Amino acid sequence: MNLQTLRQDIPAGLVVFLVALPLCLGIAQASGLPPFAGLLTGVIGGLLVTSLSPSRFAVSGPAAGLVTIVVASIQTLGSFSAFLTALILAGVLQCMLGLLHAGRFIALVPGSVIKGMLAAIGILLIMQQIPVALGIAEEVSLRALLAGDLTVSASAILVAGAGVLILWLWTTPAIKSIKMLSWIPGPLVAVLIGCAATLAGDRLFPVLAEGLPRIVLPAFDSVSALAAELETPDWLAWQNPAVWMVAVTLALVASLETLLSQEALKKLRPQNPPPSPDKEMVAQGIGNLTAGLLGAMPITAVIVRSSVNVSVGAQSKFSILLHGVLLLVCGLWFSTLLNAIPLASLAAVLLYTGYKLATPQLFAEQIRMGVAQSVPFFATVGGIIIFGMLAGIGIGIATQILCSIYQSHRNALQLTRRDDHYVLQFQQNLTFMHNPKLQGLLAEIPENSRVVVENNNAEYLDPDVKAVLRDFGENASERGIELSQWPVAVR
């Protein structure tokens, strides 16, 4: 780090802070947790995880992709303190995965399942934030929402709609072409508009302001007040099997999202040597362990903030550390200003985030890629929405395996007619699972024919496959069938 890198890292850190602030608050609000928990998570990710991470550019903090898991887990476990115990265990599991060099196995997760997971997260995020954008304070079911038996807030709808419109405008070429505006993050503008609405409403339209719920951050006037705000884990909850299931889910999904973010970041800003995925998982594990101890939320590396960090010219970790310090300062000494932020503005940020994760173009693209990609994709989306994150991912992987086996079987064996003979081609190694296909093709060969086998692409034939070939070969002479290059010896 030198003067030249500081000249670029300081502005980058400010921009990342401005992007992270509304997201930290919004993700905490969406998870049903105090806004301070979101800021604390951003601080841990920005300071502790960054110090331990092998990456110079990856920004860690609360992730929108884990909101649905946090909400469902707290409901299942019955308390946030029990969830914190699961988060501590998840951090330990992540550290163990890193020490066991499990990072390389990220390549085994099919792309269709990863895209399905992100799309499902986006859909669940949208479903969860629609009531907030409508100004409905209490939790409601989807059926009640569709029935329209609820009282909505016109001011919340207006603020949320304005926020979504601003976020969309910030992606258009017209705004991007204005250099000064392109440097201001869209989420920050949406939140500032919401703050202006609350301040104006308080002074000019008190009735409208009442229908605009806001975040509530405590003011800290001492260290003891800060300590009192921190939630402590329920140490006896480890005896509950459900806590371990939540811990495994958090460890796997958080690791998956972190490693996917790292893979995407490599394409934006290559590092030499590339960051070790195993060391990254250890860093994330220590971060989640600390988050569980202090009463924060799950931490992952987040591609949105990481890509912003790279795009504004960060040169070292200093930009990420600076963003963590600014989040800490904001939470401790500027809570009064942050309390002017309406929940509807944060809902707008999360609604747009959900849309970007589950765009119609993504679904159309998967359909165009054919059955082998679209079926596992939709199985993952449906599985996560209906059964939960871990089960949905398992369903997606199982579906992809079945589709791959089916496609493999279709092309593994081919029987073609060439002039006066038949050619039986083995395109790959054959196992007992290919027997039905093989038996069907052999049954198509008529009597008094000549059969040539081409098996240069098959280095291995399962004993059951050899048995089928041997049985056919032993009966071939009786049917007047001449065999050439038959891969097994016949009597």
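Every value quoted in this text rests on a predicted model; they were computed, and no experiment measured them.

What counts and what doesn't
- Residues numbered from 1 in each chain as written.
- Predicted model: local features only at pLDDT ≥ 70, side-chain atom pairs only at ≥ 80, totals over all residues.
- Heavy atoms only, no water.
- Helix = DSSP H or I, 4+ residues; strand = E, 2+ residues; numbered from the N terminus.
- Contact = heavy atoms within 4.5 Å.
- Areas by Shrake-Rupley, 256 points an atom, 1.4 Å probe, with all protein chains shown as cover.
- Pairing = 2+ DSSP bridges.
- Axes fitted to C-alpha atoms, helices over the stretch in contact; angles between N-to-C directions.
- Expected span 1.5 Å × (residues − 1).
- Buried < 20%, exposed > 50% of the residue type's maximum accessible area, 1.4 Å probe, protein only.
- 1 Å grid on protein atoms, 1.4 Å probe; cavity = no way out; pocket = protein on both sides within 12 Å on 5 of 7 lines; lining within 4 Å.
- Points joined across faces, edges and corners; volume = space filled by probe spheres on them.
- Nonpolar A, V, L, I, M, F, W, Y, C, P; charged D, E, K, R; others polar.
- Phe/Tyr/Trp six-rings, centres within 6.5 Å; stacked < 30°, edge-to-face > 60°.
- pLDDT = per-residue confidence, 0-100.
- Parallel < 35°, antiparallel > 145°, perpendicular 65-115°, else oblique.
- Left-handed = near helix turned anticlockwise from the far one by under 90°.
- Right-handed = clockwise from strand over helix to strand, strands pointing away.
- Salt bridge = Lys/Arg side-chain N within 4 Å of Asp/Glu carboxyl O.
- Core = buried A, V, L, I, M, F, W, Y, C linked by side-chain atoms within 4.5 Å.

(A) A look at the overall build of the protein chain. Looking only at helices and strands, one finds 23 helices and six strands in the protein chain. Taking the intrachain contacts of the protein chain between residues at least 6 apart in sequence as the baseline, contacts between residues at least 24 apart amount to 79%. When the accessible surface of the protein chain is split by element, carbon and sulfur atoms take 65% of a total near 23,100 Å².

(B) Highlighting the sheet that holds strand E5 (residues 450-454). If you walk across this open sheet you meet the four strands as E3-E4-E5-E6, and the pairing is mixed. What marks the edges here is a single partner per strand, and that holds for strand E3 (413-418) and strand E6 (482-484). Strand-to-strand, the axes of this sheet are offset by a mean angle of 20 degrees, without reference to chain direction. Where strand E4 (residues 421-426) meets E5, four bridges bridge the pair, whose relative direction is parallel. Note that in E5 the partner of Val423 across the bridge is Val452.

(C) Seen up close, helix H14 (residues 277-294). The end-to-end C-alpha distance of H14, which contains 18 residues, comes to 26 Å, matching closely the 26 Å that a straight helix rising 1.5 Å per residue would cover. What H14 keeps buried is the set Asp278, Glu280, Met281, Ala283, Gln284, Gly285, Gly287, Asn288, Ala291 and Gly292. Note on H14: the residue one or two positions beyond its end, Gly295, has a positive phi of about 90 degrees.

(D) Inspection of empty space enclosed by the protein at higher detail. Inspection of the entire model under this criterion finds one cavity of 30 Å³ or more. Its volume calculated, the largest cavity comes out at about 30 Å³. Every residue along the wall of the largest cavity is listed here: Ser55, Gln262, Leu265, Lys266, Arg269, Pro270, Gln271 and Pro275. Taken together, the residues of the lining of the largest cavity break down into three nonpolar, three polar and two charged.

(E) Molecular detail of the packing of aromatic side chains. For the coordinates displayed, the defined rule picks out six aromatic pairs. Each ring, one from Phe363 and one from Phe377, has its centre 5.2 Å from the other, and the planes form 80 degrees; the classification is edge-to-face. Pair noted here: Phe363 is in helix H19 (residues 360-368) and Phe377 is in helix H20 (residues 371-387), with a separation of 14 residues, a long-range link. Overall, the relative accessible area of 18% leaves Phe363 in the buried class. Each ring, one from Phe377 and one from Phe378, has its centre 5.1 Å from the other, and the planes form 85 degrees; the classification is edge-to-face. Here a set of aromatic residues connected by ring pairs shows up, and it is made of Phe363, Phe377 and Phe378.

(F) Structural context of the confidence of the model for the protein chain. With 89% of its residues at a pLDDT of at least 70, the protein chain reaches an overall mean of 82. When the elements of the protein chain are averaged for pLDDT, helix H6 (residues 142-147) gives the smallest value, 57, and helix H4 (residues 80-99) the largest, 93.

(G) Quick look at helix H5 (residues 111-133). Relative to the 33 Å expected for 23 residues at 1.5 Å per residue, H5 spans 32 Å between its end C-alpha atoms, a close match to the ideal helical length. Looking one or two residues beyond H5, the residue adopting positive phi is Gly135, at roughly 80 degrees.

(H) Representation of the packing of H5 against helix H18 (residues 343-357) within the structure. At their nearest, the axes of H5 and H18 sit 8 Å apart, and the two run at 155 degrees to each other. Judged on the interaxial angle alone, H18 and H5 are roughly antiparallel. The handedness of the crossing between H5 and H18 comes out as left-handed. Judged by residue contacts, Leu118, Ala119, Ile121, Gly122, Leu125, Ile126, Gln129, Ile130, Val132 and Ala133 of H5 engage Leu343, Ala344, Ala347, Leu350, Leu351, Thr353, Gly354, Tyr355 and Leu357 from H18.

(I) Representation of the pairing of E5. Following the chain from E4 across helix H22 (residues 435-443) to the adjacent parallel E5, one finds a crossover that is right-handed. Bridge count for E5 against E6 is three bridges, and the pairing is parallel. Its bridge partner being in E6, Arg450 is matched across the sheet by Glu482. The β-α-β motif built from E5, the intervening helix H23 (residues 463-476) and the parallel element E6 has right-handed crossover chirality.

(J) Examining the pattern of salt bridges more closely. As enumerated under the stated definition, the model contains three salt bridges in all. With its nearest N and O atoms 3.3 Å apart, the salt bridge here joins Arg418 to Glu454. With Arg418 in strand E3 and Glu454 in strand E5, the pair connects residues that are 36 residues apart, well separated along the chain.

(K) Representation of the nonpolar core within the structure. Ranked by internal contacts, the top residues of the largest apolar core, which has 81 residues, are Leu21, Leu39, Phe83, Met389 and Ile393. For Leu21, the contacting residues outside a window of four places in its chain are Leu39, Leu327, Cys330 and Leu338. One finds Ala412, Leu430, Phe472 and Trp486 within the second-largest nonpolar core, a separate group that totals 23 residues.

(L) Spatial organisation of the environment of Gly382. Looking at the secondary structure, you find Gly382 in helix H20. Taking the relative accessible area as the measure of exposure, Gly382 reaches 24% and is therefore partly exposed. Along the primary structure Gly382 and Met117 are separated by 265 residues, whereas in three dimensions their C-alpha atoms are 9.6 Å apart.

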